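Structural description and commentary
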Amino acid sequence: MRLNGQVFRSRAVTAPGDVLTFTQGKAVRVVRMLAPGTRRGPAPEAQGLYDDLAPPQPLVPEPGEPQPVAGGRPTGKARRDFDAGRPSWLE
């Protein structure tokens, strides 16, 4: 993590205008603090305390990553229909 360009491990972020740079998953986030939080609260309240300075990342998965499939898990009937369409020489 970086606070105003300086690497740190543990430090309180209390000043409005502080810029935090950190990784979140595979993305790098850059946020500017608008105000310190007074309590641990809901996400919409926390999102009002900072500005996101990093451009939004495209939702394109990298090659080789599993692709989400619409419909979820197949039903038993779908499995029976699939098995019925398979040639018998595969068994």
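Here, the structure is the one placed above.
What comes next concerns the included structure. Model, not experiment: these values are computed from the prediction. (Residues numbered from 1 in each chain as written. Predicted model: local features only at pLDDT ≥ 70, side-chain atom pairs only at ≥ 80, totals over all residues. Heavy atoms only, no water.)

**Details of the pattern of salt bridges**
Evaluated as defined, the whole model comprises four salt bridges. A salt bridge links Asp-83 to Arg-79; the nearest nitrogen and oxygen atoms lie 3.1 Å apart. Note that Asp-83 and Arg-79 are positioned in helix α2 (residues 76-84) at a spacing of four residues, about one turn of the helix. (Salt bridge = Lys/Arg side-chain N within 4 Å of Asp/Glu carboxyl O. Helix = DSSP H or I, 4+ residues; strand = E, 2+ residues; numbered from the N terminus.)

**Looking at the environment of Asp-81**
By secondary structure assignment, the location of Asp-81 is in helix α2. A sequence separation of 48 residues divides Asp-81 from Met-33, and the C-alpha atoms of the two residues are 56 Å apart.

**Comments concerning the side chain of Arg-29**
Checked against the element boundaries, Arg-29 lands in strand β4 (residues 27-33). Side-chain polar atoms of Arg-29 contact the side chain of Asp-52, separated by 3.3 Å. For Arg-29, the contacting residues outside a window of four places in its chain are Leu-20, Thr-21, Phe-22, Gln-24, Tyr-50, Asp-52 and Ala-54. (Polar contact = N/O pair within 3.5 Å; in protein donor to acceptor, adjacent residues only side chain to side chain. Contact = heavy atoms within 4.5 Å.)

**Side note on the pairing of β4**
In terms of strand pairing, strand β3 (residues 19-24) meets β4 through six bridges, oriented antiparallel. From the neighbouring strand, Gln-24 faces β4, where its bridge partner is Ala-27. Here β4 runs beside strand β5 (residues 50-52); their pairing, made up of three bridges, is antiparallel. Note on β5: the bridge partner recorded for Val-31 is Asp-52. (Pairing = 2+ DSSP bridges.)

**Observations regarding the sheet that holds β4**
Strand order across the open sheet formed by five strands is β2-β1-β3-β4-β5, with antiparallel pairing between neighbours. A strand with exactly one partner marks an edge of an open sheet, and here the two such strands are β2 (6-7) and β5. Where strand β1 (residues 2-3) lies against β2, two bridges are found, and the strand directions are antiparallel. Note on β2: the bridge partner recorded for Arg-2 is Val-7.

Without other data, these values stay purely geometric and don't point to any function.
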